[in-house]
Amino acid sequence: MTVTTLLAFELSGSAALAGLAASASAFGAGVAAAAIGATSRFGRRPGLVGGYLVGLLGAVLAVMAAVVTSFPLMVAATFLFGSSNASNLQSRYAATDLSSAARRGSDLSIVVWATTVGAVLGPNLTGPGVVAAGILGVPDLAGPYLLSASAFAASALLLLVGLRPDPLRMARDLAAAERASDGAVPVAPRRSVVTTLRVVVAQPSTRAAIATIASAQAVMVGVMVMTPVHMGHHGADVRIIGLTISLHIFGMYAFSPIFGRLVDRIGTRAVLGVGLAQLLLAVLLAALSTPQGGVGFLAGLLLLGTGWSAALIASSALLTESLPIEDRAPAQGLSDLAMNVAGGSAGALSGLLMTLLGYPLMAAATIALLLGPAWLIIVAVSQQRDRRGSGHGATGTVMVSRTTGDAEGA
């Protein structure tokens with residue numbers, strides 16, 4: 001993202017237009033996530049591989065944009081580049097297709113945790129990228145895109161060869177076998193986006209999950225994007241600014257296995273509450289603490305990351321467990337669409353809000369984004385208790401044991 005912003009600024013000469021390029025990547029990831037979900041009737045593999053290949057095309061076009069100094073081509077390139085992030089995100093759901101109910105949160109969180117490695121290594125690849133640019137005779141800022149293109153090609157090849165058998169298709173086959181043994185009619189995977197939307201809206205738990213994912217992303221991005229600017233305006237040292245953002249990114253991914261395990265032990269809704277509480281405290285600390293790198297401010301940005309992590313993992317697990325296997329993948333794609341649109345919008349608006357309100361009020365205003373998800377979670381818990389009290393069972397979701405391959409009626 002740093003290289004994207006710098007290259008976009010170099011090509012356009014405008015900080016505002018440079019932000020547009022970064023937002024284009026987020027919106028591209030959202031569109032790609034929906035497309036990956038729509039292709040899920042063929043399994044996980046085609047969509048994930050396709051996302052990385054489109055990201056590869058975006059990386060190549062970014063290099064071309066740097067060579068011919070075209071900002072419009074750069075915006076188009078970053079839009080396509082976002083597809084790689086969509087595959088990254090959707091991979092967490094692929095890890096749950098053959099998970100047992102007792103391991104779903106942990107399996108999902110391991111994929112999220114792997115992002116920690118990329119988040120740490122990524123900025124350190126800028127130097128090698130410049131070396132690669134020099135060898136090929138392209139501008140320095142195009143170099144990291146060459147490394148990205150190589151990584152996307154390797155990822156696509158690894159999934160194409162190694163993700164066999166396809167976990168989603170296997171899960172559907174096991175679910176169909178379970179229904180057939182019970183004398184039930186086989187259910188085909190949903191294909192229509194409208195049908196998927198209806199399924200999502202009809203389930204209180206899925207509504208709560210998607211609203212929480214989108215809101216947590218908007219709060220995290222809105223506050224995080226303006227934090228370096230706010231700290232710089234108040235004279236914070238560049239090293240302190242870097243430490244603050246590093247702590248935030250560390251919080252986003254490093255504690256993922258802990259939250260995944262908590263999901264398996266205490267449940268998705270409890271961890272959602274933990275995540276929203278952390279985000280609330282994070283926003284308050286960021287708004288009220290001194291921005292020169294004090295303990296309160298650093299703690300706020302760390303909690304902004306851990307709160308986002310808890311909300312993402314718990315919401316993803318809740319969305320998965322709330323839907324039958326034929327509806328999951330399309331709904332998961334729509335969920336990441338909502339997440340990326342919310343994040344891209346927050347990133348684009350945060351600068352304007354900070355200019356009008358100042359950083360403390362801008363940060364505090366994001367609290368309003370947490371109220372809707374909190375209410376939806378309360379409604380979902382209440383309706384679940386009512387169903388239990390009236391003696392109704394679950395909706396027939398099929399859990400598949402990864403270790404035994406047996407289907408368990410939920």
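Keep in mind that this is a model prediction, so the values were computed, not measured.

Caption draft 1: Seen up close, the overall build of the chain. For the chain, the helix and strand inventory stands at 17 helices and two strands. Relative to the compact-globule value of 22 Å for 410 residues, the chain shows a C-alpha radius of gyration of 22 Å, a close match. Principal axes of the C-alpha set define a box for the chain whose edges measure 65 × 50 × 35 Å. Within the chain, buried positions represent 49% of all 410 residues. For the chain, restricting intrachain contacts to residue pairs at least 6 apart in sequence, the fraction spanning at least 24 positions comes to 80%. Looking at the chain as shown, the accessible area adds up to about 17700 Å², and 69% of this sits on carbon and sulfur atoms. A gap of 4 Å separates the mean positions of the 23 positive and 17 negative side-chain charges of the chain.

Caption draft 2: Structural context of the nonpolar core. If you look at the biggest cluster of nonpolar residues, it comprises 55 residues, and the most contacted ones within it are Val223, Leu304, Trp308, Leu319 and Tyr359. Here the element with the most residues in this core is helix α14 (residues 295-321); it accounts for 13 residues. Sequence-distant contacts of Leu319, defined by excluding residues within four places in its chain, comprise Tyr93, Thr206, Ala209, Ile210, Ala331, Gln332 and Ser335.

Caption draft 3: A look at a nonpolar patch on the surface. The grouping of Leu349, Leu352, Leu353, Leu356, Leu357 and Leu361 at the surface amounts to a nonpolar patch, some 580 Å² of accessible area in total. Ranked by the residues each element gives to the nonpolar patch, the list is headed by helix α15 (residues 325-357), at five residues. Mapped onto the elements of the fold, Leu353 is located in helix α15. Judged by relative accessible area, which is 37%, Leu353 ranks as partly exposed.

Caption draft 4: Focus on the pattern of salt bridges. For the structure shown, the criterion picks out six salt bridges. Across the pair Arg92 and Asp336 runs a salt bridge whose closest N-O atoms are separated by 2.9 Å. Taken together, the residues Arg92 in helix α4 (residues 71-94) and Asp336 in helix α15 connect sequence positions 244 residues apart. With respect to class, Arg92 is no different from Asp336; both count as buried. Residue Arg103 pairs with Asp107 through a salt bridge whose shortest N-O separation is 2.9 Å.

Caption draft 5: Geometry of the packing of aromatic side chains. Counted by the stated rule, this structure contains six aromatic pairs. Centre to centre, the rings of Phe81 and Tyr145 are 5.5 Å apart; their planes meet at 80°, and the pair counts as edge-to-face. A residue pair is termed long-range when its members are at least 10 positions apart, and Phe81 in helix α4 and Tyr145 in helix α7 (residues 143-162) qualify at 64 residues. Across the pair, exposure class does not vary: Phe81 and Tyr145 are buried alike. Taking 6.2 Å as the distance between ring centres and 45° as the angle between the ring planes, the aromatic pair formed by Phe297 and Tyr359 counts as tilted. With Phe297 in helix α14 and Tyr359 in helix α16 (residues 359-365), this residue pair connects regions lying 62 residues apart in the sequence. We note that Phe297, like Tyr359, is buried. Grouping aromatic residues by their ring pairs yields a cluster made of Tyr52, Phe81, Tyr145 and Phe152.

Caption draft 6: Spotlight on the packing of helix α9 (residues 193-202) against helix α10 (residues 204-233). The interhelical angle for the contact between α9 and α10, taken along N-to-C directions, is 100°, at an axis separation of 5 Å. Overall, the two elements α9 and α10 adopt an arrangement that is roughly perpendicular. Counted together, Val199, Val200, Val201 and Ala202 of α9 and Pro204, Thr206, Arg207 and Ile210 of α10 form the full contact between these two elements. Partitioned by chemical class, the residues of the contact of α9 with α10 number six nonpolar, one polar and one charged.

Caption draft 7: Quick peek at α14. Compared with the 39 Å implied by 1.5 Å per residue over 27 residues, the 38 Å span of α14 between its first and last C-alpha is a close match. With respect to burial, α14 is a largely interior element, 22 of its 27 residues being buried.

Caption draft 8: Structural detail: unusual backbone geometry. Note that the residue after Arg164, namely Pro165, is joined by a cis bond; omega there is -5°. Tracing the sequence through the fold places Pro165 in the loop between α7 and α8 (167-181). With a phi angle near 50°, Thr69 is a residue other than glycine that sits in the positive phi range. Among the structural elements, Thr69 can be located in the loop between α3 (44-68) and α4. Accessibility expressed as a relative area gives 56% for Thr69, which makes it exposed.

Caption draft 9: Seen up close, the side chain of Thr206. Residue position: Thr206 is located in helix α10. Thr206 gets classed as buried once you look at its relative accessible area, which sits at 0%. At 2.8 Å, the side chain of Thr206 and the backbone oxygen of Gln203 are in polar contact. Excluding its chain neighbours within four sequence positions, the residues that come into contact with Thr206 are Val199, Val200, Leu319, Ser322 and Leu323.

Here is what the cut-offs are and how they apply
- Residues numbered from 1 in each chain as written.
- Predicted model: local features only at pLDDT ≥ 70, side-chain atom pairs only at ≥ 80, totals over all residues.
- Heavy atoms only, no water.
- Helix = DSSP H or I, 4+ residues; strand = E, 2+ residues; numbered from the N terminus.
- Rg over C-alpha atoms; globule rule 2.2 N^0.38 Å.
- Buried < 20%, exposed > 50% of the residue type's maximum accessible area, 1.4 Å probe, protein only.
- Contact = heavy atoms within 4.5 Å.
- Areas by Shrake-Rupley, 256 points an atom, 1.4 Å probe, with all protein chains shown as cover.
- Lys, Arg positive; Asp, Glu negative; His and termini not counted.
- Charge placed at Lys NZ, Arg CZ, Asp CG, Glu CD.
- Core = buried A, V, L, I, M, F, W, Y, C linked by side-chain atoms within 4.5 Å.
- Patch = residues over 30% accessible without salt bridge, like charges linked within 9 Å, V, L, I, M, F, W, Y side chains within 5 Å.
- Salt bridge = Lys/Arg side-chain N within 4 Å of Asp/Glu carboxyl O.
- Phe/Tyr/Trp six-rings, centres within 6.5 Å; stacked < 30°, edge-to-face > 60°.
- Axes fitted to C-alpha atoms, helices over the stretch in contact; angles between N-to-C directions.
- Parallel < 35°, antiparallel > 145°, perpendicular 65-115°, else oblique.
- Nonpolar A, V, L, I, M, F, W, Y, C, P; charged D, E, K, R; others polar.
- Expected span 1.5 Å × (residues − 1).
- Polar contact = N/O pair within 3.5 Å; in protein donor to acceptor, adjacent residues only side chain to side chain.

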